[in-house]
Amino acid sequence: MYRVVEIERIRQEARNVKTFRFADDSSPLPGQFYMIWIPGVDEFPMSISYTGALKGFTVKKIGRGTSRMHDLEPGDKIWIRGPYGRGFHIDKRRKSLVVGGGSGMATLGPLIEEIKGDVIIAARTKEELIFTERFSHLNPWIATDDGSAGFKGYATDLARKLVEEREYDIIYACGPEQMIKGLVDLAFERDIDIQVSLERLMKCGIGICDSCSINGYRVCVDGPVFFKEELKNMDELGKVRRGWSGKREVVR
Amino acid sequence: MLYVEINGIGFHNPLILASGILDESGDTMKRIASLGAGGLVTKSVGIKERQGYPNPVIYELPNGMGLLNAIGLANPGIDSFEEEIHLALDSGVPVIGSIFGADEEEFAYLAKKMEEYGVNAVELNLSCPHAKGYGMEIGVDPDLVESIVKEVKGRVNIPVWAKLTPNTHRIVEIAKSAENADALVLINTVKGMVIDVDARMPVLSNGFGGLSGPCIKPIGVRAVYEVSSEVDVPVIGVGGITTGKDVLEYIMAGAMAVEIGTAIYLRGIDVFRKIEKELKDWLLKNEIKSITELVGVAQRR
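What counts as what
- Residues numbered from 1 in each chain as written.
- Chains lettered and ligands numbered in written order.
- Predicted model: local features only at pLDDT ≥ 70, side-chain atom pairs only at ≥ 80, totals over all residues.
- Helix = DSSP H or I, 4+ residues; strand = E, 2+ residues; numbered from the N terminus.
- Rg over C-alpha atoms; globule rule 2.2 N^0.38 Å.
- Contact = placed C-beta atoms within 7 Å.
- Pairing = 2+ DSSP bridges.
- Axes fitted to C-alpha atoms, helices over the stretch in contact; angles between N-to-C directions.
- Nonpolar A, V, L, I, M, F, W, Y, C, P; charged D, E, K, R; others polar.
- Core = buried A, V, L, I, M, F, W, Y, C linked by C-beta atoms within 7 Å.
- Buried ≥ 20, exposed ≤ 12 C-beta atoms within 10 Å, placed from the backbone.
- Domains from an automatic or database assignment.
- Left-handed = near helix turned anticlockwise from the far one by under 90°.
- Parallel < 35°, antiparallel > 145°, perpendicular 65-115°, else oblique.

**Quick word on the overall build of chain B**
Part 1 of the reasoning: Each helix and strand counted, chain B has ten helices and 16 strands in total.
Part 2 of the reasoning: Taking 19 Å as the expected radius of gyration for a compact globule of 301 residues, we find that chain B reaches 18 Å, a close match to that expectation.
Part 3 of the reasoning: Taking the intrachain contacts of chain B between residues at least 6 apart in sequence as the baseline, contacts between residues at least 24 apart amount to 69%.

**Observations concerning the sheet that holds strand E11 (residues 190-193) of chain B**
Paired through their backbone hydrogen bonds, the strands of a sheet run either parallel or antiparallel.
Residues and elements named next belong to chain B.
Part 1 of the reasoning: Taken in spatial order, the four strands line up as E5-E6-E14-E11 in an open sheet, and their pairing is antiparallel. Looking at which strands have only one partner, the edges of the open sheet turn out to be strand E5 (58-60) and E11. Each neighbouring strand pair of the sheet contributes to a mean axis angle of 35 degrees, computed without reference to strand direction.
Part 2 of the reasoning: Where E11 and strand E14 (residues 208-212) come together, four bridges link them in antiparallel fashion. Bridged to Met193 within E14 is Phe208.

**Section: the interface of chain A and chain B**
Part 1 of the reasoning: Each partner contributes residues to the interface: chain A has 25 residues there, and chain B has 32 residues.
Part 2 of the reasoning: A total of three residues in the side of chain A that touches chain B trace back to one element, the largest contributor, which is strand E4 (residues 42-50) of chain A.
Part 3 of the reasoning: By residue class, the composition of the side of chain A that touches chain B is twelve nonpolar, eight polar and five charged.

**Looking at the sheet that holds strand E10 (residues 151-152) of chain A**
All names here are of chain A.
Part 1 of the reasoning: Spatial ordering of the open sheet is given by E10-E9-E8-E7-E11-E12-E15, a layout of seven strands whose pairing is mixed. Two strands close off the open sheet at either side, each with one partner strand: E10 and strand E15 (225-227).
Part 2 of the reasoning: Alignment of strand E12 (residues 193-197) against E15, held across three bridges, turns out to be antiparallel. Following the sheet pairing, Gln195 is matched in E15 by Phe227.
Part 3 of the reasoning: Against the sheet, helix H2 (residues 104-112) touches strand E7 (95-101), strand E8 (116-123), strand E11 (170-174) and E12, its axis set at about 155 degrees to E7.
Part 4 of the reasoning: Each of E7, E8, strand E9 (141-144) and E10 is contacted by helix H3 (residues 155-165), which is oriented at about 165 degrees to E7, the strand it contacts most.

**A word on the nonpolar core**
Part 1 of the reasoning: Among the nonpolar cores identified, the biggest contains 180 residues, and Leu183(A), Leu40(B) and Leu184(B) are the most heavily contacted of them.
Part 2 of the reasoning: When residues are assigned to domains, this core turns out to be shared by domain 1 (3-84) and domain 2 (95-250) of chain A, each giving three or more.
Part 3 of the reasoning: Not counting residues within four places of it along the chain, the set of residues in contact with Leu184(B) comprises Ala162(B), Leu164(B), Ala175(B), Ala178(B), Val227(B), Val231(B), Val233(B) and Val235(B).

**A few points about the pairing of E14(B)**
The side chains of a regular strand alternate between the sheet's two faces.
Residues and elements named next belong to chain B.
Part 1 of the reasoning: In terms of burial, E14 is a largely internal element, four of the five residues being buried.
Part 2 of the reasoning: Note that strand E6 (residues 67-69) and E14 share three bridges and pair antiparallel. Bridge assignment links Leu67 to a residue of E14, and that residue is Ser212.

**A word on the packing of helix H3 (residues 104-117) of chain B against helix H5 (residues 142-155) of chain B**
Residues and elements named next belong to chain B.
Part 1 of the reasoning: Packing of H3 against H5 brings their axes to within 9 Å, and their N-to-C directions diverge by 35 degrees. Here H3 runs over H5; the crossing is right-handed. Touching Glu104, Phe107, Ala108, Ala111 and Lys112 of H3 are Ser147, Ile148, Glu151, Val152 and Arg155, all from H5.
Part 2 of the reasoning: Of the residues that constitute the contact of H3 with H5, the class distribution is five nonpolar, one polar and four charged.

**What to know about the environment of Val41(B)**
Residues and elements named next belong to chain B.
Part 1 of the reasoning: Tracing the sequence through the fold places Val41 in strand E4 (residues 39-41).
Part 2 of the reasoning: Through-space distance from the C-alpha of Val41 to that of Leu17 is 5.7 Å; in sequence the pair is 24 residues apart.
Part 3 of the reasoning: Setting aside residues up to four positions removed in sequence, Val41 forms contacts with Ile16, Leu17, Ala18, Ser19, Asp23, Ile96, Ser98, Glu123 and Glu259.

**A closer look at the environment of Ser197(A)**
Residue and element names in this part refer to chain A.
Part 1 of the reasoning: Considering the arrangement of structural elements, one finds Ser197 in strand E12.
Part 2 of the reasoning: With 13 residues separating them in the primary sequence, Ser197 and Asp210 have C-alpha atoms 18 Å apart.
Part 3 of the reasoning: Discounting chain neighbours no more than four positions away, the residues touching Ser197 are Gly31, Thr107, Cys174, Pro224 and Val225.

**Description of the domain arrangement of chain A**
All names here are of chain A.
Part 1 of the reasoning: Per the domain assignment, the segments of chain A are domain 1 (3-84) and domain 2 (95-250).
Part 2 of the reasoning: Measuring from the centre of the C-alpha atoms in domain 1 to the corresponding centre in domain 2 gives 21 Å.
Part 3 of the reasoning: Those elements that place two or more of their residues in the side of domain 1 that touches domain 2 are strand E1 (3-14), strand E3 (33-38), E4 and strand E5 (54-60).
Part 4 of the reasoning: If one sorts the elements of the side of domain 1 that touches domain 2 by residue count, E4 sits on top with five residues.

**Quick notes on the packing of helix H7 (residues 217-228) of chain B against helix H8 (residues 244-253) of chain B**
The relative placement of two packed helices comes down to the angle between their axes together with the axis-to-axis distance.
Residue and element names in this part refer to chain B.
Part 1 of the reasoning: Direction vectors running N to C along H7 and H8 enclose 25 degrees, while the axes themselves pass 8 Å from each other. The angle between H7 and H8 falls in the class roughly parallel. Taken as a pair, H7 and H8 cross one another with a handedness that is right-handed. Where H7 abuts H8, its residues Lys217, Gly220, Val221, Val224, Tyr225 and Ser228 lie against Asp246, Glu249, Tyr250 and Ala253.
Part 2 of the reasoning: Partitioning the contact of H7 with H8 into residue classes produces five nonpolar, two polar and three charged.

**Looking at the environment of Ala33(B)**
Residue and element names in this part refer to chain B.
Part 1 of the reasoning: By the secondary structure assignment, Ala33 is in helix H1 (residues 26-34).
Part 2 of the reasoning: As a C-alpha pair, Ala33 and Ile16 span 17 residues in sequence and 9.0 Å in three-dimensional space.
Part 3 of the reasoning: Non-local contacts of Ala33, meaning those with residues more than four positions away in its chain, are made with Leu40, Ser91, Gly92 and Val93.

**Quick word on the pairing of strand E2 (residues 17-23) of chain A**
Residue and element names in this part refer to chain A.
Part 1 of the reasoning: As defined by bridge partners, E1 adjoins E2 across six bridges and the pair is classed as antiparallel. Looking at the pairing, Gln12 lines up with Lys18 of E2.
Part 2 of the reasoning: Counting the residues that bridge the hairpin from E1 to E2 gives two residues, and of these Asn16 lies at a positive phi of roughly 65 degrees.

What follows is the structure, given as structure tokens:
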């Protein structure tokens, strides 16, 4: 069952990244996602980047469906189902370090609005940073691989530095899988709690097709947010995923 | 109380994971076994890697009626499936390798491979309703069904199960043509379509799909009832089983065991545990010592 929603506003966030705002009366938790159908084109999963009455999807142009989405204008419609999956478990009392790599920041947007702590916004280069204005009041740390803005280097390196200098109870992360893997390792090494949002190729979105499974966990239903105890034995993290046929592939 | 034996294979309960649901990854199958499934049927695997259809591949019917899907027999190909089988076998419950082919030779080749990988039985997919040249397109021809079953039987030593389609008026005739198999599995999904009126087009990228879930249960029960009285091999019931009472309906219609899939979507991944408890409670209350006492009791004789 889909519902049709109308796009009200569009904002260019970064190179190849746009936010689409729409009204919908569902009540997603930070970290949850929807399936977006563009009839005749594609259906794809998308995490919610703005909760509240005027919701948002922040979409990076990567495939057929997302490219078509980037051609849409205010007044155009999309078909959605959801919200799906398990979101972040938020404890407002805990001092948090939030690390968003590239479009992974989209997933973390609603979470950042609810927690206290520090935020790292990271990307390969300055033009790919998103939500620096949205969260400017929080004075986010910036990291770019090429040093075009903020800290020069990987988000994991900056996170390691901050973790060594400051005390955190928990790390929340979303972004490239090698970044997540690095942060999970850091969390175990420094005995800090961690929750991460993972991404896998997704077909059904409702926990039956097995396409998005990682070590027996379904990203669409058991995740996309996973907790430290689950990540402990997740040896496919950063290594193995499944392609459209279900064949094992190497994670880059 | 729930132990059943089919073709000499022991199942600690008659609740088997159906093909096509959470059975692409060996780890996921292991998890489902640990959550109560008595056996596991793998995703249908073919000779070559196959991508299946683009999204949307699934549609959720309102009010928990069920699902319409057209995944399109996506699979990594038989050569890439050995690792998944080995992981699934680690679970300790019987593993049944589901295979699909275009002709006798492909089915026989795949069955042999599955046997080499160590599965306890193979299930021939003669019934997928949404893939050109496979499944149901083969499974509605009694002569072809007969010759595929015969060829596979001649090439492997493990039991051969034939999964049949409800999308025919000749179900008993087809079942009889497949009677050389060691067991018959009824039913696969029912061919269907959903149109989104706002989009003015079918939802599934393939147009047609296979309907599953509670809305097809009476079709499955009827098929098991009709077929089990006409054949001498065990029948395994599939289609819309969501509760312990649904299992009993199929058993009383003549099934020895059942396969469960869509219920995972409706009641969670631990649904096997839940159904197992419902079954036990009913059997205790009705003072039945073994579920096998109930096989076919609803048949009018």
